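Listed below are the residues making up each chain.
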Amino acid sequence: MFRFLVRRVTGALVILLIISAITFWLFYAVPRDPAMMSCGKNCTPEALEQIRKNLGIDKPIPVQYWLWLVGIFAGRNYPGYDYCNAPCLGYSFANREPVFETIMDRLPTTLSLAFGAAIVFLILGIGAGMLAALKQGRFLDKFASSASLLGSSLQIYFVGYIAMFFFVAQLGWLDQPQYTPLTENPAAWFSGLLLPWLVLAIIFTANYTRMTRSQLVEQLSEDYVRTARAKGLSRSNVFFRFAWRGAMGPIVTVFGIDLGTLIGGAIITESTFSLQGIGRLAVKSVDQSDLPMLLGVTLLAAGAIVMFNIIVDAVYALIDPRIRLA
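First, a word on what this report is: a plain description of the structure on this page. Note that the structure is a prediction, hence the values are computed from the model and not measured. (Residues numbered from 1 in each chain as written. Predicted model: local features only at pLDDT ≥ 70, side-chain atom pairs only at ≥ 80, totals over all residues. Heavy atoms only, no water.)

## Comments concerning helix α8 (residues 186-220)
For α8, spanning 35 residues, the distance from its first C-alpha to its last is only 42 Å, which falls clearly below the expected 51 Å at 1.5 Å a residue. The largest bend in α8 is about 40°, located at L194, with the proline P196 one to four residues further on. Two to three positions downstream of the cap, the backbone nitrogen of A187 sits 3.2 Å from a side-chain oxygen, assigning the N-cap of α8 to N185. (Helix = DSSP H or I, 4+ residues; strand = E, 2+ residues; numbered from the N terminus. Expected span 1.5 Å × (residues − 1). Bend = angle between axes of the 7 residues up to and from the residue. Polar contact = N/O pair within 3.5 Å; in protein donor to acceptor, adjacent residues only side chain to side chain.)

Written out as structure tokens, the structure is:
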């Protein structure tokens, strides 16, 4: 396990390095000048040069990228700003705020949205898929399959606006979506995020219902399951002891990717419900050509996906004894 973790973490660092380098290069492929945008209409060449120096973009691109990497681990001094302590991701071109602190301010919103929705759609999706597999060919199976097909065809922005119109504006059953820190008011935190959780659950539950059902049906038809039944084991014992464990591998893999993506920023969901999370920060940084903020958000999103893939591989081995980590 230790060798596996060392190898995967090393590979993850290389991937993040490549992603950051590509993002850095793509930013400079865009003809917009952040210094000119900050300087305004009545800009003089002297002021423009000073802004470029303050932003750290007056040096060659490879030098800029190297200084940015060094700043993550050792901190960095920016002319015209306070010393940026490690982990330093630079200062925003748009609002001159530290990138790392800005991301940390937005991250709790995204984490609350991602983990809350994940709990809901896992419980609903896996539960419905299990019932459909156990009642294969019956009404409950057909109903769950039809509902999952309908749910997978819906879009978050459509369901989100419809849900807000009926359940918030018309009926008043749910609160207007907003983020309140959990430590300040747990009840307001829960009620403010309940509608986004439910909307995300509608979309994701459909996929997990279909996936759970198909995996369980496949496992229940395996020879080792039929052998266990022939030896006299009860149906519930065979289902949870053998079929369930065999079916969870692909589901865990997809869940790790989905959760990493949500933590990286559910752009459409946050925009639909006006939640100030990582997703909306990413959109804003692209619109403003804010390279430091864009790099920080990109690293967070990529890091979340890579990290959860490593965790998924480790959990996969615990679920399925046929898999060994080298």
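Once the structure has been displayed, the description carries forward.
## Observations concerning the state of the cysteines
On inspection of all chains with the given rule, the structure shows one disulfide. The disulfide that involves C84 links it to C88, with 2.1 Å between the sulfurs. What sets the handedness of the C84 and C88 disulfide is the S-S torsion sign, and at about 110° it is right-handed. (Disulfide = S-S within 2.5 Å.)

## A closer look at the layout of surface pockets
Approximately 550 Å³ is the volume found for the largest pocket. Among the elements of the structure, α1 (2-29), α4 (61-74), α5 (99-134) and α13 (291-319) are those that each provide at least two residues to the lining of the largest pocket. Within this model, the second largest pocket holds a volume of roughly 240 Å³. Lining the second largest pocket are 14 residues, with A128, A144, A147, S148 and T209 positioned closest to its centre. Elements represented by at least two residues in the lining of the second largest pocket include exactly α5, α6 (139-152) and α8. Sort the elements by how many residues they give to the lining of the second largest pocket and α6 lands first, with seven residues. Broken down by class, the residue content of the lining of the second largest pocket amounts to ten nonpolar, four polar and no charged. (1 Å grid on protein atoms, 1.4 Å probe; cavity = no way out; pocket = protein on both sides within 12 Å on 5 of 7 lines; lining within 4 Å. Points joined across faces, edges and corners; volume = space filled by probe spheres on them. Nonpolar A, V, L, I, M, F, W, Y, C, P; charged D, E, K, R; others polar.)

## Thoughts on unusual backbone geometry
Glycine aside, a negative phi is what most residues show, and trans is what most peptide bonds show. For the bond from A86 to P87, the omega torsion is -5°, close enough to zero to count as cis. When you line up the elements, P87 lands in the loop between α4 and α5. Here the phi dihedral of R96 falls at roughly 65°; this positive angle occurs in a residue that is not glycine. Note that R96 resides in the loop between α4 and α5. The partly exposed category is assigned to R96, whose relative accessible area is 36%. Despite not being glycine, S274 shows a phi value in the positive range, around 55°. (Buried < 20%, exposed > 50% of the residue type's maximum accessible area, 1.4 Å probe, protein only.)

## Section: the side chain of T269
Tracing the backbone shows T269 in helix α11 (residues 267-273). Using a relative accessible area of 2% as the deciding quantity, one classes T269 as buried.

## As for the packing of aromatic side chains
Counting across every chain of the model gives nine aromatic pairs. Aromatic side chains F121 and F204 sit 4.8 Å apart centroid to centroid with 20° between the ring planes, which places their arrangement in the stacked category. Of the two residues, F121 is situated in helix α5 and F204 in helix α8; the sequence distance between them amounts to 83 residues. The class for F121 is buried, based on a relative accessible area of 0%. For F204, a relative accessible area of 13% puts it in the buried group. Ring centres of F165 and F166 lie 5.1 Å apart, and the angle between their planes is 80°; this geometry places the pair in the edge-to-face category. By way of ring pairs, the aromatic residues F121, F204, Y208 and F255 are connected into one cluster. (Phe/Tyr/Trp six-rings, centres within 6.5 Å; stacked < 30°, edge-to-face > 60°.)

## Here we look at the nonpolar core
Counting residues in hydrophobic clusters, the biggest one holds 39 residues, and the most contacted among them are F121, L195, V199, L200, F204 and L262. Elements that contribute at least two residues to this core include exactly α5, α7 (156-170), α8, α10 (235-265) and α13. Residues in contact with F121, not counting those within four places in the same chain, are I126, A201, F204, T205, Y208, F255 and L262. By size, the runner-up hydrophobic cluster in this structure holds 31 residues, among which are L55, Y78, C88 and A282. (Core = buried A, V, L, I, M, F, W, Y, C linked by side-chain atoms within 4.5 Å. Contact = heavy atoms within 4.5 Å.)

## Things to note about empty space enclosed by the protein
Using the criterion set out here, one finds one cavity of 30 Å³ or more in the structure. The computed volume of the largest cavity comes to approximately 130 Å³. Together, 16 residues line the largest cavity, and L55, R76, Y78, F93 and P292 are the ones closest to its centre. Elements that contribute at least two residues to the lining of the largest cavity include exactly α1, α3 (45-55), α4 and α13. Counting residues per element, the lining of the largest cavity draws most heavily on α13, which supplies three residues. Split into classes, the residues belonging to the lining of the largest cavity amount to eleven nonpolar, four polar and one charged.

## Some thoughts on a nonpolar patch on the surface
A surface patch of nonpolar side chains, about 1,200 Å² in accessible area, is lined by Y157, F158, Y161, I162, F165, F166, F167, L171, W173, I267, I268 and V283. Looking at the nonpolar patch, the elements with two or more residues in it are α7 and α11. At seven residues, α7 tops the list of elements feeding residues into the nonpolar patch. Topologically, V283 is positioned in helix α12 (residues 278-287). (Patch = residues over 30% accessible without salt bridge, like charges linked within 9 Å, V, L, I, M, F, W, Y side chains within 5 Å. Areas by Shrake-Rupley, 256 points an atom, 1.4 Å probe, with all protein chains shown as cover. Salt bridge = Lys/Arg side-chain N within 4 Å of Asp/Glu carboxyl O.)

Shape is all these values report; function is a separate question.
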